[in-house]
Amino acid sequence: MTRLAALLGLELPLLQAGMGAVAGPALCAAVSRAGAGGTLALYKEPPARAARLVREVAAATDRPFGVNVVPEVTGPARCLDQLRAVLPELPRGGFVTTFGLPGNADAVRAVQAAGLPLVVQIGTLADADTALGQGAAALVLQGTEAGGHLLGRHPVDRLLATVRARHPRAILAVAGGVATGKDLADAVARGADGAMAGTLFVPAEESTAHPEFKRRVVDAVADDTLITSLFDIGWPHRPHRVLHNPLTTTTDRAPATFIATTRVDGRNHPVPRYSAAAPGDTTTGRIEEMAMYCGRSCTRVTTPHPAGVTVARIRREYEAERRITEGAPNATAAVHARHTNRSEEPHRIQER
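Rules used in this analysis
- Residues numbered from 1 in each chain as written.
- Predicted model: local features only at pLDDT ≥ 70, side-chain atom pairs only at ≥ 80, totals over all residues.
- Heavy atoms only, no water.
- Helix = DSSP H or I, 4+ residues; strand = E, 2+ residues; numbered from the N terminus.
- Rg over C-alpha atoms; globule rule 2.2 N^0.38 Å.
- Buried < 20%, exposed > 50% of the residue type's maximum accessible area, 1.4 Å probe, protein only.
- Contact = heavy atoms within 4.5 Å.
- Areas by Shrake-Rupley, 256 points an atom, 1.4 Å probe, with all protein chains shown as cover.
- Lys, Arg positive; Asp, Glu negative; His and termini not counted.
- Charge placed at Lys NZ, Arg CZ, Asp CG, Glu CD.
- Pairing = 2+ DSSP bridges.
- Expected span 1.5 Å × (residues − 1).
- Arc of directions from axis to C-beta.

## Comments concerning the overall build of the protein
Regarding its fold elements, the protein presents 12 helices and 14 strands. Its C-alpha radius of gyration of 19 Å places the protein within 12% of the 20 Å reference for a compact globule of 352 residues. Across its three principal directions, the C-alpha atoms of the protein cover 60 × 45 × 40 Å. Counting all 352 residues of the protein, 56% fall into the buried class. Counted over contacts in the protein with a minimum sequence separation of 6, partners at least 24 positions apart contribute 64%. Total accessible area on the protein is roughly 14,400 Å²; 53% of this is exposed by carbon and sulfur atoms. Each charge class in the protein was averaged separately, 39 positive and 34 negative side chains, and the resulting centres sit 2 Å apart.

## With respect to the environment of I227
Relative to the assigned elements, I227 resides in strand β10 (residues 225-228). Considered as a pair, I227 and H149 are 78 residues apart in the sequence and their alpha carbons are 9.1 Å apart.

## Section: the pairing of strand β11 (residues 240-243)
Burial of β11 is two-sided: the residues H240 and V242 facing one way and the residues R241 and L243 facing the other way are all buried. Relative to β11, strand β7 (residues 148-149) runs antiparallel, the two being bridged by 2 bridges. Residue H149 lies in a different strand from β11, and its bridge partner there is H240.

## Some points on the side chain of T2
Assignment of secondary structure puts T2 in the segment before α1 (3-8). Apart from the residues within four sequence positions on either side, T2 is in contact with P13, V188, D193 and Y318.

## Quick look at the sheet that holds β10
Strand order in the open sheet made by the 3 strands is β7-β11-β10, with antiparallel pairing throughout. Pairing within the sheet leaves two strands with one partner each, and these edge strands are β7 and β10. Bridge count for β10 against β11 is 4 bridges, and the pairing is antiparallel. Paired with T225 across the strands is L243, a residue of β11.

## Quick look at the environment of G143
By the element assignment, G143 lies in the loop between β6 (138-142) and β7. Looking at G143, the relative accessible area reads 1%, which means it is buried. Between the alpha carbons of G143 and G123 there is a distance of 6.6 Å; along the sequence they are 20 residues apart. Apart from the residues within four sequence positions on either side, G143 is in contact with L150, H154, P155, V156 and A175.

## Concerning helix α11 (residues 307-327)
Across its 21 residues, α11 extends 30 Å between first and last C-alpha, which sits within 8% of the 30 Å expected from 1.5 Å per residue. Of all the positions in α11, only A307, T310, V311, I314, Y318, E321 and T325 are classed as buried. Along α11, the residues classed as buried sweep out an arc of 100° about the axis, all on the same side. Of the residues in α11, the exposed ones pointing more than 90 degrees away from the buried face are R316, R323, I324 and G327.

## Some thoughts on the environment of L243
Topologically, L243 is positioned in strand β11. Judged by relative accessible area, which is 2%, L243 ranks as buried. Each C-alpha atom of the pair L243 and V120 lies 26 Å from the other, and the pair is 123 residues apart in sequence. Apart from residues lying up to four places away in sequence, L243 is in contact with R216, V217, A220, D224, T225, L226, T248, M292 and C294.

So, in structure tokens, the structure goes:
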């Protein structure tokens, strides 16, 4: 039992990332039922629909789960509206995660007034200082190995070491590079209280990612991903790690015309080329040109199992590795040495 697991009431110190177009009610509930931290993506959901989705998850699991908001995309005011709509619907034992700083003191106060833990995902030491000062109960430290939009410019090991040195008592999870129970155990051995995984859950049976998105993640290896700033419509000024596609392999920027359609609540929403939107299971059109967010851990994501099967596997591997670590005095030092000595991928951003 790590401090993250104790804080959130989890059996396994693993959070599932609240990924837009991927983390719907079915995935969130399945991960929760398996004993990990299922997280529902609110992203740009209207408040009334967000509340309805939370009720759907609550009806499907009696274990803790959370919601994820993205203040820098929705704006602080809209984010606060989302929270005000969903906080009354979250059951006791729920939690709230934010991608980036909350951006609004009222949002922090609303979560705290509801008696729920606030987990803030950050990518820099300065943002860690700010988040803890604003009242975050735990931090998720995102490294550049992670898929999706990136909050900093450092590998996760370096960020963990830096934040842990500044905040020795903070509850810290890592994001980036976690796809097995051994990865999770290594993170804990290096000083983390747990981890968040996104790429691991994209191909899950309950994920709402488009089938082609799922297939590509399963087939990919780390070097099939790159950091770019290409998919910036709807989410500018934030580099992101995606899988290579026809747009990333050319130096010419094509017209930002509509290339796909996503259907939500019976309404079609056009998707322009270079949109930040990922393809979901209701998306039709030129899927191959859309942003497929994927971390370097994809090398170890090789099967599209149901989420519960994946969490059970992670748990077995984690517990086995922890037993080895606890029984060998030098095992933790070996983990630190292995990660300290490995070559770090340069932070390259492909500007278009």
